Amino acid sequence: MPNTPLVATLDRHGQFRVHAATCADAADPYRQHTDPFPVQARTRRDIAAELSHDLIEEGSLTIDEALDYVDFLPCCNPLLLDEPETAARR
Ligand SMILES: [Zn+2]
């Protein structure tokens, strides 16, 4: 298993699903379309940017749009860090 706390899978609809690396669902072949792969980033925006990095770099997707393609499963919530800029805007 990867030595990062978070992993992601990609489902057949092109939706990323972010799990805790220890989550059994992440490795369940009946529920996941791809093998889980490690995610280095720890905030929601950074994770979306990391997962869709190719599309963002070529300019066809913004980070906000990329966030729509990422599901953060409950198992990963305790491992996510706060979003500094979001917190500041509240
Ligand atoms: Zn999970």
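Summary of the structure given here. Treat the numbers as computed from the prediction; the structure is a model and nothing was measured. Residue numbers here run from 1 along each chain, matching the order of that chain's written sequence. Residue-level local features of this predicted model are given only where pLDDT is at least 70; pairs of side-chain atoms are given and counted only at 80 or more, and the full residue set underlies all totals for whole chains, interfaces and linings.

## Some thoughts on the overall build of the protein
The condition is simple: Helix and strand labels come from DSSP, where a helix needs a run of H or I of at least four residues and a strand needs a run of E of at least two; each type is numbered from the N terminus. Whether two residues are in contact depends on their C-beta atoms, placed from the backbone: they are in contact if these lie within 7 Å.
When helices and strands are tallied, the protein shows four helices and four strands. Sequence-ordered secondary structure for the protein, helices as α and strands as β, is β-β-β-α-α-α-β-α. Partitioning the intrachain contacts of the protein with sequence separation of at least 6 by distance along the chain shows that 48% fall at a separation of at least 24.

## Section: the nonpolar core
Going by this rule: In plain words, the nonpolar core is the set of buried Ala, Val, Leu, Ile, Met, Phe, Trp, Tyr and Cys residues that C-beta atoms within 7 Å link up. Note on burial: count the other C-beta atoms lying within 10 Å of the residue's C-beta; 20 or more is buried, 12 or fewer is exposed, in between is partly exposed, and C-beta positions come from the backbone.
Of all hydrophobic cores here, the largest spans 13 residues; its most connected members are Ala 8, Val 18, Val 39, Ile 47, Leu 51 and Val 70. For this core, the secondary-structure elements that each account for two or more residues are β1 (6-10), β2 (16-20) and α1 (44-51). Residues contacting Val 18, with those up to four places away along its chain left out, are Leu 6, Ala 8, Val 39, Ile 47, Val 70, Asp 71, Phe 72, Leu 73 and Cys 76.

## Some words on the environment of Ile 56
By the element assignment, Ile 56 lies in helix α2 (residues 53-57). In the structure, Ile 56 is positioned 10 residues away from Ala 66 in sequence and 8.0 Å away in space, judged by C-alpha atoms. Among all residues touching Ile 56, those that are not within four sequence positions of it are Ala 49, Leu 61, Ile 63 and Ala 66.

## Observations regarding the sheet that holds β1
Convention followed: Strand pairing requires that DSSP identify at least two bridges connecting the strands. The convention used is that axes are lines fitted to C-alpha atoms, helices contributing only their stretch in contact, and that angles between N-to-C directions extend from 0 to 180 degrees.
In space, the four strands of this open sheet follow the order β3-β1-β2-β4, with mixed pairing throughout. Each having just a single partner strand, β3 (37-39) and β4 (70-72) make up the two edges of the open sheet. Each neighbouring strand pair of the sheet contributes to a mean axis angle of 35 degrees, computed without reference to strand direction. Judged from the three bridges that link them, β2 and β4 form a sheet pairing that is parallel. Bridge pairing in β4 places Phe 16 opposite Val 70.

## Digging into α1
Going by this rule: The directions from the helix axis to the C-beta atoms form the arc being described.
Listed as buried for α1 are Ile 47, Ala 48 and Leu 51. On an axial view of α1, the arc spanned by its buried residues comes to 100 degrees, and they lie on one face. Taken together, the buried residues of α1 touch β1, β2, β3, α3 (63-67) and β4.

## As for the pairing of β2
For β2, the buried fraction is high: four of the five residues fall into the buried class. Counted along the chain from β1 to the antiparallel partner β2, the turn is five residues long, and its residue Gly 14 has a positive phi close to 85 degrees.

## So, the pairing of β1
Where burial is concerned, most of β1 is hidden: four out of the five residues are buried. Of the pairings in the sheet, the one linking β1 to β2 comprises five bridges and is antiparallel in character. For Val 7, the partnering residue across the bridge sits in β2 and is His 19.

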